[in-house]
Amino acid sequence: TPTASGTFTITITATNAIGSTDQTFTFTVNQVAAITSVNSTRFALDEIDSFQVTASGFPAPAFSTSSTLPNGITLSSSGVLSGEPTNAGTFTITIVATNGIGAPGTQTFTLTVVPPVVFTPLKIADGQVAASYSQQLTASGPAGPFTFRLASGTLPAGLTLNPNGAVRGSPSQAGTFTITAAATNGTADTGSQSYTFTIIPAPVPLSISGAPDGSAVQFLPNKTGSFALGSAIDPFANTGTSSRTAVADVNGDGVPDTIFVTGPGTPIRVAVENGASGSLLVLPFDPFGGNFLGGGFVAAGDFDGDGRAEFVITPDQGGGPRVSIFSLSGFDPKLRANYFTVDPNFRGGARAAVGDINGDHIPDLAVAAGFGGGPRVAVINGIDALTTDGFSFSDRLVGDFFAFGDDLRNGVYLAIGDVDGDGFGDLIFGAGPGGGPEVLTISGQTLVTRGSLVAVNNPISNFFVGGSDSDRSGVRVTTTDADRDNLADVVVATGADVPSGVRVYLGKNFGGGEPSHFQDLDPFQSAVLADGVFVG
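Residues numbered from 1 in each chain as written. Predicted model: local features only at pLDDT ≥ 70, side-chain atom pairs only at ≥ 80, totals over all residues. Heavy atoms only, no water.

Q: Hey, could you run me through the overall build of the protein in this one?
A: When its secondary structure is counted, the protein shows two helices and 44 strands. Taking 24 Å as the expected radius of gyration for a compact globule of 536 residues, we find that the protein reaches 38 Å, considerably beyond that expectation. Counting over 536 residues, the protein shows a buried share of 49%. Within the protein, residue pairs in contact and separated by at least 24 positions form 54% of the contacts whose partners lie at least 6 positions apart. On the protein, roughly 22900 Å² of surface is accessible, and the fraction owed to carbon and sulfur atoms is 52%. Computed over 22 positive and 46 negative side-chain charges, the inter-centroid distance for the protein is 4 Å. (Helix = DSSP H or I, 4+ residues; strand = E, 2+ residues; numbered from the N terminus. Rg over C-alpha atoms; globule rule 2.2 N^0.38 Å. Buried < 20%, exposed > 50% of the residue type's maximum accessible area, 1.4 Å probe, protein only. Contact = heavy atoms within 4.5 Å. Areas by Shrake-Rupley, 256 points an atom, 1.4 Å probe, with all protein chains shown as cover. Lys, Arg positive; Asp, Glu negative; His and termini not counted. Charge placed at Lys NZ, Arg CZ, Asp CG, Glu CD.)

Q: Mind showing me how you'd approach the packing of aromatic side chains here?
A: Ring pairs (aromatic) are described by centroid distance and by the angle formed between their planes. A complete count under the given rule lists 17 aromatic pairs for this structure. A centroid spacing of 5.4 Å and a plane angle of 45° characterise the contact between Phe 51 and Phe 109, whose relative ring orientation is tilted. Taken together, the residues Phe 51 in strand E5 (residues 49-52) and Phe 109 in strand E11 (residues 105-114) connect sequence positions 58 residues apart. Ring geometry for Phe 177 against Phe 197: centres 6.1 Å apart, planes inclined by 35°, an arrangement best described as tilted. One end of the pair, Phe 177, is in strand E19 (residues 175-184); the other, Phe 197, is in strand E20 (residues 190-200), and 20 residues separate them in sequence. Of the two residues examined, Phe 177 and Phe 197, each falls in the buried class. Chaining the aromatic ring pairs together yields one cluster made of Phe 8, Phe 25 and Phe 27. Sitting over the face of the ring of Tyr 413, Arg 351 holds its NZ or CZ atom 4.0 Å from the ring centroid. (Phe/Tyr/Trp six-rings, centres within 6.5 Å; stacked < 30°, edge-to-face > 60°. Lys NZ or Arg CZ within 6 Å of the ring centre and 35° of its normal.)

Q: What's the story with the nonpolar core in this structure? I'm lost.
A: One finds Val 377, Val 379, Phe 401, Leu 427, Phe 429, Ile 442 and Leu 447 to be the most contacted residues of the largest nonpolar core, which totals 22 residues. Looking at this core, the elements that each hand over two or more residues are strand E33 (364-369), strand E34 (376-380), strand E35 (396-402), strand E36 (412-417), strand E37 (426-431), strand E38 (438-442) and helix H2 (452-457). Apart from residues lying up to four places away in sequence, Leu 447 is in contact with Ile 357, Val 398, Phe 401, Leu 427, Ile 442, Ser 452 and Ala 455. If you look at the next biggest cluster of nonpolar residues, it comprises 21 residues, including Ile 124, Leu 155, Leu 159 and Leu 161. (Core = buried A, V, L, I, M, F, W, Y, C linked by side-chain atoms within 4.5 Å.)

Q: Whenever I open this one, the sheet that holds E20 confuses me. Can you help?
A: Taking strand neighbours across the sheet as the criterion, the four strands line up as E13-E20-E19-E16 in an open arrangement whose pairing is mixed. Each of the sheet's edge strands pairs with one partner strand only, and the pair in question is strand E13 (127-128) and strand E16 (147-152). (Pairing = 2+ DSSP bridges.)

Q: Which parts of the structure should I look at to understand the environment of Ser 192?
A: By the element assignment, Ser 192 lies in strand E20. Exposure remark for Ser 192: the relative accessible area of 48% places this residue in the partly exposed category. For the pair formed by Ser 192 and Pro 267, sequence separation is 75 residues and the distance between their alpha carbons is 62 Å. Excluding residues that lie within four positions of it along the chain, Ser 192 makes contacts with Phe 119, Thr 180, Ala 181 and Ala 182.

Q: Explain the environment of Ser 468 to me, please; I cannot follow it from the model alone.
A: By the secondary structure assignment, Ser 468 is in the loop between strand E39 (461-464) and strand E40 (475-480). Sequence separation between Ser 468 and Glu 438 is 30 residues; the distance between their C-alpha atoms is 8.8 Å.

Q: Would you take a moment to explain a nonpolar patch on the surface for this structure?
A: A cluster of nonpolar side chains, namely Phe 8, Ile 10, Ile 12, Phe 25 and Phe 27, defines an oily patch on the protein surface of about 390 Å² accessible area. Secondary structure elements with two or more residues in the nonpolar patch: strand E1 (6-15) and strand E2 (20-29). Among the elements that make up the nonpolar patch, the one with the highest residue count is E1 (three residues). Position of Ile 10 among the secondary structure elements: in strand E1. Take Ile 10: its relative accessible area is 36%, and that puts it in the partly exposed class. (Patch = residues over 30% accessible without salt bridge, like charges linked within 9 Å, V, L, I, M, F, W, Y side chains within 5 Å. Salt bridge = Lys/Arg side-chain N within 4 Å of Asp/Glu carboxyl O.)

Q: In this structure, what is going on with the pairing of strand E18 (residues 166-169)? I would like to understand it.
A: Put simply, side chains in a regular strand alternate between the two faces of the sheet. In terms of strand pairing, strand E14 (residues 133-136) meets E18 through four bridges, oriented antiparallel. Following the sheet pairing, Tyr 133 is matched in E18 by Gly 169. Counted between consecutive antiparallel strands, the loop separating strand E17 (residues 159-161) from E18 contains four residues, among which Gly 165 sits at a positive phi close to 90°.

Structure representation (structure tokens):
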């Protein structure tokens with residue numbers, strides 16, 4: 001009794017005393033057709049699907065049906081049940097497998113056509129770094145409940161897709177993300193939906209200081225760029241003097257933190273407030289040693305590309321043009337660089353700004369002389385900011401230059417930001433105390449490609465705030481991107497002993513004279529402040 005079907009070829013040999021002879025012999029073992037595949041499947045309504053019917057038997061069976069198939073469905077002779085069904089329901093089909101050997105094989109087959117799995121919503125909400133995010137996905141069509149999973153793509157860090165379809169968390173990563181979510185019920189009906197959504201960076205607060213208690217007021221931009229008053233923060237518990245601030249992501253959590261340094265009149269201290277929690281990230285510490293009483297300035301940027309900003313501390317009047325750069329190590333400040341620039345014997349202090357001037361995606365460091373010095377500016381290549389000795393010409397992007405006339409002796413305030421959108425950080429200068437509220441903006445691209453003389457003589461803009469040159473308190477400057485158009489916006493603030501005020505100019509309005517001002521802020525109710533107003 002043969003145990004296998006098919007065609008077999010053998011050689012038969014007959015032998016006697018005289019000799020032998022061979023014959024090649026072919027015989028066939030036939031087998032009755034019998035269907036071997038499962039007797040049911042499920043298709044989705046209005047979606048192309050297929051199922052392979054299989055059978056044993058020799059010769060190979062051909063398939064057919066004696067039933068009326070649902071609209072849109074066909075059965076091929078090779079056993080492929082396929083098509084795009086147009087009616088939902090449960091259909092009973094008799095499938096026949098025939099190979100001419102004995103009785104045909106038959107199977108009563110059930111085809112269930114179910115509605116497709118439909119997702120709601122078809123588009124999910126965008127989000128913001130550090131903000132709570134919640135989006136519920138639901139599925140309908142076939143009977144639930146459904147279990148959800150991420151079929152492809154990657155959610156931003158901090159978000160998860162739960163089995164119940166809830167996308168929740170607090171994203172810590174900005175960008176545009178494309179994912180595909182899949183939902184499956186208890187009978188293996190599965191559907192999927194692709195989503196593309198954007199997580200925008202956490203808003204960068206505008207920090208305004210100058211109050212004699214050392215506090216700073218935070219203003220947050222809305223979707224149009226207008227600033228609204230936030231909270232007041234004070235890491236020094238009322239030192240009796242003002243503070244100066246800068247805003248940057250010091251701990252790499254995607255949320256800007258605020259770095260404080262005390263003003264003149266108290267032993268200098270630096271502290272960092274956690275932008276996400278409001279707690280102190282770095283407790284007050286002495287950046288120079290010796291309890292220097294002249295106060296300091298602060299700027300910040302990520303020189304080493306680790307996703308965490310370093311912060312640059314320079315002294316105010318009475319100190320030399322020292323640059324001390326720190327980064328966060330655990331909960332403690334770590335000194336990364338410490339050097340002088342320009343004349344080490346100068347005792348008017350220094351002011352610094354950080355930004356990508358040469359377009360290499362590494363922030364550069366600009367340092368200007370403080371009060372009593374000319375408006376001399378040194379620009380250190382960001383690649384060398386943590387290793388330079390402060391004087392090597394090879395570490396400079398350009399030779400030192402004067403932002404204003406070299407006969408002035410009130411120093412210069414400075415900031416860096418790409419005002420014109422060419423990919424190079426532009427330098428914004430504000431006249432020092434004793435000067436009028438002049439704001440000069442020069443092209444970073446022109447500076448590094450054609451030199452400082454051409455850049456200063458052909459500025460992006462040059463104006464006096466409010467058109468007045470009678471005010472002699474100077475003007476403090478910083479940059480931000482309030483309206484999120486990737487153009488640096490410029491914020492200016494009043495100097496000492498005049499009614500306090502802050503003005504915001506949008507980068508898109510720059511060119512020539514004073515741009516139309518976007519917003520005026522009055523955090524101190526026009527009070528006359530001994531140290532003026534600082535913006536960071």
